[in-house]
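Here is how the chains run, residue by residue.
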Amino acid sequence: MAITHPQGLRPHMAARATAPVVAPTLGPVSSKILPSLLVLGVAYTVGSYVRSQLTREAGTMDRIFSQQNTPEVEEARKRSLQVEANGDPRNNLLNFLGWS
């Protein structure tokens, strides 16, 4: 004897009762530490990437400028920037990106 559907159709599968899906809960310590570790990990990863890119670009710029640092170019730079009167802008406190 087959099970009949109220509308006269016979279902191919028997109906099953399923329990509701319950997500696992984290403990109070894990719920506070895990997000903090995640944020620190992401910040470290982004910082490492930015640092590597800045190092790579600095190396590229150093190679480009080392080809142009001839005595004639340095003398023209000193004249145009008036290094004797105003001081060398390379030694300025605001030029912290040029420190290595």
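The following paragraphs examine the structure supplied in this document. (Residues numbered from 1 in each chain as written. Predicted model: local features only at pLDDT ≥ 70, side-chain atom pairs only at ≥ 80, totals over all residues. Heavy atoms only, no water.)

A short note on the overall build of the protein chain
Stated precisely, the cut-off is as follows: Working definition: helices are DSSP H or I runs of at least four residues, strands are E runs of at least two. Numbering for both runs from the N terminus. The classification of residues rests on relative accessible area computed with a 1.4 Å probe and restricted to protein chains. Under 20% of the type maximum is buried, over 50% is exposed, and intermediate values are partly exposed. The Shrake-Rupley method, run with a 1.4 Å probe, gives the accessible areas here. Residue values count only the displayed protein chains as cover.
What the protein chain contains, in helices and strands, is three helices and zero strands. Taken from the N to the C terminus, the helices and strands of the protein chain come in the order α-α-α. Looking at the protein chain as a whole, 3% of its 100 residues qualify as buried. Of the roughly 9700 Å² of accessible surface on the protein chain, 64% is carried by carbon and sulfur atoms.

Topic: unusual backbone geometry
Positioned with a positive phi, Q82 is a non-glycine residue whose angle comes to about 50 degrees. On the basis of relative accessible area, Q82 is assigned to the partly exposed category, the value being 46%.

Thoughts on the layout of surface pockets
For clarity, the cut-off: Cavity: a set of points on a 1 Å grid over the protein atoms alone where a 1.4 Å probe fits but cannot get out. Pocket: an open set with protein on both sides within 12 Å along at least five of seven lines, its lining residues, like those of a cavity, having an atom within 4 Å of a point. Grid points are joined across faces, edges and corners, and a volume is the space filled by probe spheres set on the points. Residue classes follow a fixed rule: Ala, Val, Leu, Ile, Met, Phe, Trp, Tyr, Cys and Pro count as nonpolar, while Asp, Glu, Lys and Arg count as charged, and any other residue, Gly among them, counts as polar.
In this structure, the largest pocket occupies an estimated 570 Å³ of space. Lining the largest pocket are 13 residues, with A58, D62, L97, G98 and W99 positioned closest to its centre. Of the residues contributing to the lining of the largest pocket, the split by class is six nonpolar, four polar and three charged.

Overview of the pattern of salt bridges
To be explicit about the condition: Each reported salt bridge corresponds to a side-chain nitrogen of Lys or Arg within 4 Å of a carboxyl oxygen of Asp or Glu.
Tallied over the full model, the rule gives two salt bridges. Between E57 and R56 there is a salt bridge, and its shortest N-O distance comes to 3.7 Å. Residue classification places R56 among the partly exposed residues on the basis of a relative accessible area of 47%. The shortest N-O distance in the salt bridge between R77 and D88 comes to 2.5 Å. You can see R77 sitting in helix 2 (residues 71-81) and its partner D88 sitting in the segment after helix 3 (83-86), a full eleven residues away along the chain. On the basis of relative accessible area, R77 is assigned to the buried category, the value being 15%.

Points about the side chain of E74
The condition is simple: It only takes one pair of heavy atoms within 4.5 Å for two residues to be counted as in contact.
Relative to the assigned elements, E74 resides in helix 2. Once residues lying within four places of it in the same chain are set aside, the contact partners of E74 are N69 and R90.

Topic: the side chain of R77
Spelled out, the test is: Whenever two N or O atoms come within 3.5 Å, that pair is a polar contact, provided that in protein one can donate a hydrogen and the other can accept it, and provided that, for residues adjacent in sequence, both atoms are side-chain atoms.
Looking at R77, its side chain comes within polar contact range of the side chain of D88, at 2.5 Å. When sequence neighbours within four positions are dropped, the list of residues in contact with R77 reads V83, D88, P89 and R90.

Observations concerning a nonpolar patch on the surface
Which entries qualify depends on this criterion: Residues forming no salt bridge and having over 30% relative accessible area are the ones grouped into patches, like charges within 9 Å of each other and nonpolar side chains (Val, Leu, Ile, Met, Phe, Trp, Tyr) within 5 Å.
On the surface, L38, V42, V46, Y49, V50 and L54 cluster together to form a nonpolar patch covering roughly 610 Å² of accessible area. For V46, the location among the structural elements is in helix 1 (residues 28-68).

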